[in-house]
Each structure stands twice: as C-alpha cells, then as structure tokens.
Amino acid sequence: MKNDAFGASKARELEVGDLVSWDSWAESLENNVFEEKNGVLLAIYRNKRTHGWGYMAKIMPFGDENEVVLPLLAIRKSTLRN
C-alpha cells in the first residue's frame, strides 16, 4: 500500500479484528481529562476529507451498542490482554 491518503502508514499496522484503543473526553467535560476507550476494529476505509483523502476506522467499543468512526491516526493497538 502506497501513501495514497492521510493515515496510510497506520493502515499497514492495523488489521480488521484487532483490539484497539483511543483517547476520548471523560464523561464530564468539566474534568478536562481524557480516558482510554477500547474496542474491536471492524473496518478501515478511505474517505474524502476537506484537504484530501484520509483513512478512517469503524470500531465497536466494548460495552457499547453503537459503532464509532474515528480517523485512523487517532487509534492504536490495545495493550489489553484477556
């Protein structure tokens, strides 16, 4: 895969089915802190963005019923085990 879109190098590191994590605002914005969220990577796809193409990730967060879509650069392989 060539660097055809923003996040292409990250797309080479991840595969559908990987456990991934990302930082998200805590439940209360007044806390002004981030919390780590975890889930399963469902899909990686290219999406037309304002300044060109970028890779996006569709994720099913643990303990949630709704999928989330995030820029691929915002996620990383999870360190969770078992």
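Residues numbered from 1 in each chain as written. Predicted model: local features only at pLDDT ≥ 70, side-chain atom pairs only at ≥ 80, totals over all residues. Heavy atoms only, no water.

Student: Just checking my understanding: could you explain the pattern of salt bridges for this structure?
Tutor: Should the charged atoms of two oppositely charged side chains come close, the side chains can pair. Taken as a whole and judged by the stated rule, the model has four salt bridges. With its nearest N and O atoms 3.2 Å apart, the salt bridge here joins Glu-36 to Arg-76. Within this pair, whereas Glu-36 is found in strand S2 (residues 34-49), its partner Arg-76 is found in strand S5 (residues 76-77), the two being separated by 40 residues in sequence. By relative accessible area, Glu-36 is classed as partly exposed at 43%. One salt-bridge network, in which partners are shared between bridges, spans Asp-23, Glu-36 and Arg-76. (Salt bridge = Lys/Arg side-chain N within 4 Å of Asp/Glu carboxyl O. Helix = DSSP H or I, 4+ residues; strand = E, 2+ residues; numbered from the N terminus. Buried < 20%, exposed > 50% of the residue type's maximum accessible area, 1.4 Å probe, protein only.)

Student: Can you walk me through the environment of Leu-14 in this structure?
Tutor: Along the chain, Leu-14 falls in the loop between helix H1 (8-13) and strand S1 (19-25). We classify Leu-14 as buried; its relative accessible area is 6%. Residues Leu-14 and Leu-41, spaced 27 residues apart in sequence, show a C-alpha to C-alpha distance of 8.5 Å.

Student: Sorry, what's going on with the nonpolar core here?
Tutor: It is characteristic of soluble globular proteins that their nonpolar side chains tend to be buried jointly. One finds Ala-11, Leu-14, Val-20, Trp-22, Leu-41, Tyr-55, Ala-57, Ile-59, Leu-70, Leu-72 and Ile-75 forming the largest nonpolar core, which totals 11 residues. Of all the secondary-structure elements, those providing two or more residues to this core are S1 and strand S3 (52-61). For this core, the leading source of residues is S3, giving three residues. With residues up to four places along the chain from it excluded, the contact list for Val-20 reads Leu-14, Lys-37, Asn-38, Gly-39, Leu-41, Ile-59, Ile-75, Arg-76, Lys-77 and Ser-78. (Core = buried A, V, L, I, M, F, W, Y, C linked by side-chain atoms within 4.5 Å. Contact = heavy atoms within 4.5 Å.)

Student: I tried to follow the side chain of Ser-78 on my own but got confused; where do I start?
Tutor: Among the secondary structure elements, Ser-78 is positioned in the segment after S5. Assessed through its relative accessible area of 8%, Ser-78 is described here as buried. A polar contact is formed between the side chain of Ser-78 and the side chain of Asn-38, at a distance of 3.1 Å. In this view, Ser-78 contacts Leu-19, Val-20, Ser-21 and Asn-38; residues no more than four positions away in its chain are not counted. (Polar contact = N/O pair within 3.5 Å; in protein donor to acceptor, adjacent residues only side chain to side chain.)

Student: What is the right way to look at a nonpolar patch on the surface in this model?
Tutor: Together, Leu-19, Phe-62 and Leu-80 make up a nonpolar patch on the protein surface, roughly 260 Å² of accessible area in all. With respect to the element layout, Leu-80 can be found in the segment after S5. Leu-80 gets classed as partly exposed once you look at its relative accessible area, which sits at 37%. (Patch = residues over 30% accessible without salt bridge, like charges linked within 9 Å, V, L, I, M, F, W, Y side chains within 5 Å. Areas by Shrake-Rupley, 256 points an atom, 1.4 Å probe, with all protein chains shown as cover.)

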